[in-house]
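Tertiary structure, described
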Number of protein chains: 2
Amino acid sequence: MTLKVSDIGEKELVRYIISRSKNITPDDTAITRFDSTNLISTCDMLIQSRHFPNRMSYFNMGFKSVTVNVSDLASMGANPLGFLLSIAIPKDLSLDSFKQIIDGVLNACDYYDIPLIGGDTNEASEIIISGTALGLCDKPLMKDTYEMGDVIALTGDIGLAALGFNLDVEDNIYVNRALKPLARIREGKILKDFATSATDITDGLASELYEIKKDDLGFMIYEELFEISDEYKQMSEDLGLNYLDLIFHVGEDFELLFTISKDNLEKLPIEYRVIGEVTDSDIVELTLENGFVEKIENKGYEHYVSE
Amino acid sequence: MTLKVSDIGEKELVRYIISRSKNITPDDTAITRFDSTNLISTCDMLIQSRHFPNRMSYFNMGFKSVTVNVSDLASMGANPLGFLLSIAIPKDLSLDSFKQIIDGVLNACDYYDIPLIGGDTNEASEIIISGTALGLCDKPLMKDTYEMGDVIALTGDIGLAALGFNLDVEDNIYVNRALKPLARIREGKILKDFATSATDITDGLASELYEIKKDDLGFMIYEELFEISDEYKQMSEDLGLNYLDLIFHVGEDFELLFTISKDNLEKLPIEYRVIGEVTDSDIVELTLENGFVEKIENKGYEHYVSE
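The notes below deal with the structure included here. Quick caveat: nothing in here was measured; it's all calculated off a predicted structure.

As for the pattern of salt bridges
Enumeration over the complete set of coordinates arrives at 36 salt bridges over all chains. For the salt bridge of K64 of chain A with E252 of chain A, the shortest nitrogen-to-oxygen distance reads 2.6 Å. Taken together, the residues span a long stretch of sequence, with K64 of chain A in helix α4 (residues 58-76) and E252 of chain A in the loop between α11 (243-249) and β9 (256-260) at a distance of 188 residues. Taken individually, K64 of chain A and E252 of chain A each receive the classification buried, so the pair is uniform in this respect. A salt bridge links K192 of chain B to D193 of chain B, with the shortest nitrogen-to-oxygen separation between them at 3.6 Å. With a relative accessible area of 14%, K192 of chain B lands in the buried category. One network of salt bridges, in which partners are shared, links R177, R184, R186, E187, D253 and E255 of chain A.

What follows is the structure in structure tokens.
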């Protein structure tokens, strides 16, 4: 039987590429030493049928294509330098829709203070937006440079987008997060001087915890620290969904997951939510509200995997 | 009637984006001033059904995705700094085919001496490869900085790929050029110190001449200077194709089109073919082998335009 890419999954494919090239930084972005600083570069492709919910506006498609890329700059603590837009659209797309996408891109570039510096247009059977974000950073914030005893924290609440994707209403905090997430670029630049490591949560908290896990170290996460509202639990239950699944295994909130020493936490001049700590257990585990401890499963959104 | 993007064509869409952003360099790449030099960045997306001939191997798809991006660096005279690969593949693609694409990318990166520094993988219904090439250049070679009286030249013969796309044979110079074109990165770096302007030919010579044309200046191109072989003319005729159409209106050879003063031409340490001169006619015209002069039409490969 011929092996398909879906038989091994996206992470294995990425590992294959990295194993073949000695120049790839295995972190959120590429890092290229440059005079007295580092050029930070990252690219991310969004495909209409895979990444844009049906009711997402053209404006928000454009906006999100910048957000997903800027979010990787944020996780390094980089200053935005420029954005490149490669866009493919069907030829029967209305000119007005095209202009709305571009409006969304430019609005996001303004919001994140990253200039649109170049790009490329193409024809395709659906909308495909591939962005490249460039930034500068003297001391990039890597994702696995934490130590035993560090605190694990988030720049904001997660699981909002995950619930929002499943709601059939026009406008609430969950739907808004699903349709127009925002990258934490300001927070990333501050974390660079306080945190011991950082990454952005795209494929889900569990997936990112396993992504940053080092041999012999582990994480203990505490459910009670999330202060999950009764409303959130009820809405999840009404949809037949497990609220912990939504929080741990979906992602798309674009909050930053970071580690920090207890000393620095007190000085940190941004809002944050502590969710756990780095342990020497070699396990990624969760203390439930009821006191029981369970292992967190390593699953998240992954392309290619057969459903 | 609602206006579709196909009603206005790709070039108008690009003009719209440029008109909305004050930070885009209207040249082959973006240019970002950086300490004592310039960061050169460019991105190009290739879509299987649009850009890869049916018989193109997976290896050559990967190779071409690097070539199209490096070619833009070449046209600026830039030194390659790094390549980012954003690739989407169908989930039933064989793992072996995927590895061949990556082999092609890495082989091209070696060939052009540009390290693969990062990227992104995705799932799509067909193969989509979006590359970003980064480079450095102290004095970028712009595309419209020529003067009246400059000579117009090419780094090599063109029209080979155009004929190759139409041939049903395995292996000759035309088919090889169509399936594995090479970017002129070495020549670009040399031209930077000798030429007055340069651009790479992707959408066809005619299209590029109109792209670089300035008000009040024009170009006179001489058919005889191409030294088109009888073989080429005969093969075109056998296919029912006009050989001048193949040379002027197709592209995909990735040769550089450059202008240079007559004085500097003698000193130029690379192979080249002079094809004409910059005139004050305000017209893009061609002197045929039979002595007649005709206006060159502004048409080339353009996406979206209804056929």
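Examining unusual backbone geometry
A positive phi angle, near 60°, is found at F254 of chain A, a position not held by glycine. Its identity is not glycine, yet D282 of chain B carries a phi of approximately 65°, on the positive side. Residue classification places D282 of chain B among the partly exposed residues on the basis of a relative accessible area of 38%.

Considerations on the interface of chain B and chain A
Opposite the 69 residues of chain B that make contact, chain A presents 69 residues. The junction of chain B with chain A conceals about 6,000 Å² of combined surface from both sides, 64% of it contributed by carbon and sulfur atoms. Viewed at the interface, chain A and chain B are joined by four salt bridges. For E123 of chain B, the salt bridge identified is with R50 of chain A, shortest N-O distance 3.0 Å. For the interface between chain B and chain A, the tally reads 23 residue pairs in polar contact (both at pLDDT 80 or more). Looking at the side of chain B that touches chain A residue by residue, the classes come out as 34 nonpolar, 22 polar and 13 charged.

Cut-offs applied
- Residues numbered from 1 in each chain as written.
- Chains lettered and ligands numbered in written order.
- Predicted model: local features only at pLDDT ≥ 70, side-chain atom pairs only at ≥ 80, totals over all residues.
- Heavy atoms only, no water.
- Salt bridge = Lys/Arg side-chain N within 4 Å of Asp/Glu carboxyl O.
- Helix = DSSP H or I, 4+ residues; strand = E, 2+ residues; numbered from the N terminus.
- Buried < 20%, exposed > 50% of the residue type's maximum accessible area, 1.4 Å probe, protein only.
- Contact = heavy atoms within 4.5 Å.
- Buried area = accessible area lost by both parts, 1.4 Å probe.
- Polar contact = N/O pair within 3.5 Å; in protein donor to acceptor, adjacent residues only side chain to side chain.
- Nonpolar A, V, L, I, M, F, W, Y, C, P; charged D, E, K, R; others polar.

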